[in-house]
Amino acid sequence: MTRNFSWIPIYEELAGELAGWEDRQEELISFLEDLRSEGYVITPLGDKDGEGRRFPLKEIDPFTFLGVFNRRIGYDQRIAIITQVKRFLGLKSDLPEDLDGTPILNNRKSWFFPNQPLRSASDIARLWKVFHLALQENPLEKKEFLSAFDEALKVQQTNVNLTMALFWIRPNTFLSLDQANRKYLGIRLPADGLNAKFYAETVKAARADEMPFAEISLAAWGAENERAVKIAESREAEYRAWGGINYWFASAYWDDKNPPDQTERFLDEGIWENEYNNRYINEVLSMGVNDRIAIKSVSTQRRDLPFDARNKTVSRMTIKAIGTIVANRGDGRTVEVEWDPNFREKSWYFYTNRNTLWRLRTDNNYRFREYAEKLRDFVWYGTDQDYDWFSKQFLQVNETEQILSEYMEVTRPPYSVDDLIAAGAFLTEDEVRQTLERLHSKKAMILQGPPGVGKTFLARKLAYALMKEIDQERFEMVQFHQSYSYDDFVRGYRPNPARPGSFVLQNGVFYDFCRKAIRDPDREYVFVIDEINRGNLGQIFGELLMLLEADKRGPEFALPLAYHSEDEPPFFVPPNLYLIGLMNLADRSLAMVDYALRRRFVFITLRPQYDSPILRQWLLERSMNADLVDLIVDRMTKLNRQIREDPSLGENYEIGHSYFLPKGDNFSGLDKNWYRGIIRTEIVPLLKEYWFDNLGKVKEVEKRLLA
C-alpha cells in the first residue's frame, strides 16, 4: 500500500527556510528555550566547559535544531513542536498527519556536535555548509558536497546520524543509513567508517531498486503498528511530564527458546528482555528508572476457580515475579531490574492483557481506571482481588462484550481446554493437552480419521483453545479439491474486472492470512485446510513447502514468491501461524500424502468413540434416553468391528460417532425413530459405497441395525 508521507512537504519547506538562519543561531536557541519553558519536551540546550560547569549554548547547527522533534519522544509531542516551528518560521505547508518512516535519534545523542571542550571553532560551520549544499540540485553528483560531507564527519558526534538528517530535509534525494535501514537493506559500513564515496555509491545502488527512500525507511522502521506506537508514545510522554512512575506487565515466554519460559534467566541476570528486534522498541525505551515491572503469563480457567464463575471460562493472569527497574540500556530490548526475592507467584482474574508488554494506565481519562488501580494494588501493594466486584462487572454482560484492556475494550469469550472437552471432543484432558502441545511445537498438524469422527469440529475447537479465546478474525478455513492451485492459495493472475481481457496479480487466501499474522505476532493464528489430501499439495504449496517447518519460520528464512514484483521483499510464514489439515482416511480416490509434506506435519488419528465413557456421559447429561444411548453404542460398536475385520476395508472405514450428535443441549425428545432415520439416510448409503459389490451384505447389516 502506498503511503502519503504527509510529513515530507513541511520538512522540505522547513529545510529551505532554515537555510537563511545560519547567522541567527542564537534566535533559534532562544526560540527552543522558550518552548521548553512553556512545557514542550525540548532537548536541554546547556553547554558545558572543561570543568563541568554549565552555561547557555551560543551556537547550533540545523541538524540539531531538526533533531529536537526527530528523537524518541511522544508522537503528539513531536507534532506539537512542529506546530510551533511552523508558526515561528511562517511555513505554509500543512501539518503532517503522520511521521511514517522518519528515523529518530536517541534522546541522549540528539546533538550533532560535542560540548565546548571537544568542539572546534569550525564544527558548527561545517554542519551548516553540508546542509546548504544538500539543498542544491543533484548534490551527490557534486564534488563540493561530497567534500563537505566528509568534513562534517570530522565533527565529534556526527556519523550515520548525518544521513538521517539529510533524509529529513530531502527524503527523495538522501537515504538514511541508520541501523534499522542498514539491517533491512543488508548494508555494512566500511571498516574505517562512513565516507562520502561509500555513501554516494550506496544511495545510487538503492535508487536502482526504484523503491522510494521513504518507503524503505517505513519498511525498516515501521514493522510495528505505526498508529499504536504513536498512541503509546503520546500517553507515555504525557505521563512522564508530571513525574509519575509506570507499572509494566511483561511476558517472559520466548517461542524459539528452550525452555520457552525465560523467567528464571531474567531473575538470575537481573533483567527483563524484549523478545523482538523490531517491536515494542519505543515502549522499552520509555521504561524508566523506578518504574515497576511484573512478569506475567496469561491463560484461561474454567474449573477450580476461587469464586463462582457460573460454569464460564474466565481469563487468568499469573504474576510470576515483580521488581523495580534500575536502569534502561537504551537499546529498545533490555532493562535492568531489581527483582523482589520474597515475591510468591499468584493469580489474577478477568482484567488481563496478552501483549508482550503492557503499560497499566491509571490516568484520570482512562475509562477503566478503577480496574487498573485494583490490579496495581493486587500485584504491588498486597491487596486481595475483590472477586465479587469483578464477577459483577464481567459476568453480567454479554460474553462478547467483556472488557479486556485499553488496547481492546471488547474481547472475545475466553476458551480453555475445559471448554473444548465440554463441547464434545470426547478426548481426555491429557489427550487434548498433548495434541495442543504437538500443534504448538510442530506448528503444522494433520487430523486424520474415518468419516464422522469430528475432525472439522475438533480443528476449530483446538484453534480456539490455542488462541485461548473465540476469535474468528484469527481463524481461516479452506477446502482443497482437484482443481485447487497455487494461484488460489498463495498468489496468481486473475481476470481484471476493471479492464476486461486483462489480468492482474492477486494474493491468495493463505498469503493474506500470513500477512495478517505477521502484523500481530503476539497472538496465534490458525489456518485449517479441509480435505487436504484432495489437492496436488506440491503444486498448491510450491516454494512455501519448506517454510511450513517450525524451525524455518520468520524473515530470516524468507523466499521470493513465484510471482513477485521487483521491489517486493521475500515472503515468509510467521511463527505465530498454525496449520491444521484434515484428512478423511476412507476416501479411496485420494493419493497418499507426499512424503516431503508428511514430514512437516505431526499426525493425530481420531477414532470413533462409541465405547468411550466420555461420550456416554455427554449424551446422558443432555437428557438422551439411556436405552437409546445403549442402542447406539451397541449397534455401532458391532458394525465397526465388522468393518474393521473386513479385509477390503479396515479401521480407516469405521463410522464415527458424530452422526449421532444432534445440535442443542436437550435430547430428551429423541427416540428410536430418530435413530432409524439416521441409519436409513446416512449410515446405509455409506455402507453401499463400502460394499458396492456385495449389496446383500448391506441389506443384512441394515436389518440388524434397524432391529
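Refer to the structure above for everything that follows.
Residues numbered from 1 in each chain as written. Predicted model: local features only at pLDDT ≥ 70, side-chain atom pairs only at ≥ 80, totals over all residues. Heavy atoms only, no water.

What to know about a nonpolar patch on the surface
Step number 1: Taken together, the side chains of Tyr493, Phe503 and Leu505 make up a nonpolar region of the molecular surface, amounting to roughly 310 Å² of accessible area.
Step number 2: One can find Leu505 in strand S13 (residues 503-507).
Step number 3: The exposure class of Leu505 is partly exposed, given its relative accessible area of 31%. (Patch = residues over 30% accessible without salt bridge, like charges linked within 9 Å, V, L, I, M, F, W, Y side chains within 5 Å. Areas by Shrake-Rupley, 256 points an atom, 1.4 Å probe, with all protein chains shown as cover. Salt bridge = Lys/Arg side-chain N within 4 Å of Asp/Glu carboxyl O. Helix = DSSP H or I, 4+ residues; strand = E, 2+ residues; numbered from the N terminus. Buried < 20%, exposed > 50% of the residue type's maximum accessible area, 1.4 Å probe, protein only.)

A short note on helix H4 (residues 75-89)
Think of an α-helix as turning once every 3.6 residues; residues three or four places apart then point the same way.
Step number 1: The terminal C-alpha atoms of H4 lie 21 Å apart, and with 15 residues this matches the ideal 21 Å at 1.5 Å per residue to within 8%.
Step number 2: Burial in H4 covers these residues: Tyr75, Gln77, Arg78, Ile79, Ile81, Ile82, Gln84, Val85 and Leu89.
Step number 3: In the stretch just after H4, Gly90 is the one whose phi turns positive, near 70°. (Expected span 1.5 Å × (residues − 1).)

Re the environment of Ile604
Step number 1: Tracing the sequence through the fold places Ile604 in strand S16 (residues 602-605).
Step number 2: Taking relative accessible area as the criterion, Ile604 reaches 17% and is therefore assigned buried.
Step number 3: Residues Ile604 and Asn533 lie 71 residues apart in sequence; the distance between their C-alpha atoms is 15 Å.
Step number 4: Among all residues touching Ile604, those that are not within four sequence positions of it are Thr435, Met445, Ile446, Leu447 and Gln448. (Contact = heavy atoms within 4.5 Å.)

Some remarks on the pattern of salt bridges
Step number 1: For the coordinates displayed, the defined rule picks out 40 salt bridges.
Step number 2: A salt bridge links Glu336 to Arg329; the nearest nitrogen and oxygen atoms lie 3.1 Å apart.
Step number 3: A relative accessible area of 44% places Arg329 in the partly exposed class.
Step number 4: A cluster of three or more residues bridged by salt bridges with shared partners is formed by Arg354, Glu469, Asp471, Arg474, Asp520, Arg523 and Glu524.

A word on the nonpolar core
Step number 1: Judged by nonpolar contacts, the single largest core of 74 residues is most densely connected at Phe63, Phe65, Phe145, Phe149 and Leu166.
Step number 2: Met624, Trp674, Ile678 and Trp691 belong to the second largest nonpolar core, which has 35 residues in total. (Core = buried A, V, L, I, M, F, W, Y, C linked by side-chain atoms within 4.5 Å.)

Quick word on the sheet that holds S16
Step number 1: The five strands are arranged S11-S14-S15-S10-S16 in an open sheet whose pairing can be described as parallel. Two strands bound the open sheet, and with one partner strand each, they are strand S11 (475-479) and S16. Going across the sheet, the axis of each strand differs from the next one's by a mean of 20°, ignoring polarity.
Step number 2: When strand S10 (residues 444-449) meets strand S15 (residues 577-584), the two strands line up parallel, connected through six bridges. The residue of S15 that forms the bridge with Ile446 is Gly581.
Step number 3: Against the sheet, helix H17 (residues 429-442) touches S10, S15 and S16, its axis set at about 140° to S10.
Step number 4: Sheet strands touched by helix H20 (residues 509-518): S11, strand S14 (525-530) and S15. Its angle to S14, the strand with the most contacts, is close to 165°. (Pairing = 2+ DSSP bridges. Axes fitted to C-alpha atoms, helices over the stretch in contact; angles between N-to-C directions.)

Thoughts on the environment of Leu267
Step number 1: You can see Leu267 is positioned in helix H12 (residues 263-269).
Step number 2: Note on Leu267: relative accessible area 31%, which makes it partly exposed.
Step number 3: For the pair formed by Leu267 and Ala321, sequence separation is 54 residues and the distance between their alpha carbons is 8.2 Å.
Step number 4: In this structure, Leu267 is in contact with Ala321 and Trp339, ignoring residues within four places of it in sequence.

Looking at helix H23 (residues 613-621)
Step number 1: Taken together, the buried positions of H23 are Leu615, Trp618 and Leu619. All buried residues of H23 lie within an arc of 95° about the axis, which places them on one face of the element. Facing away from the buried side of H23 by over 90 degrees, the exposed positions are Pro613 and Glu621.
Step number 2: The opening residue of H23, the one whose side-chain oxygen lies 3.1 Å from the backbone nitrogen of Ile614, is Ser612.
Step number 3: Phi turns positive, to about 70°, at Ser623, one or two residues after H23. (Arc of directions from axis to C-beta. Polar contact = N/O pair within 3.5 Å; in protein donor to acceptor, adjacent residues only side chain to side chain.)

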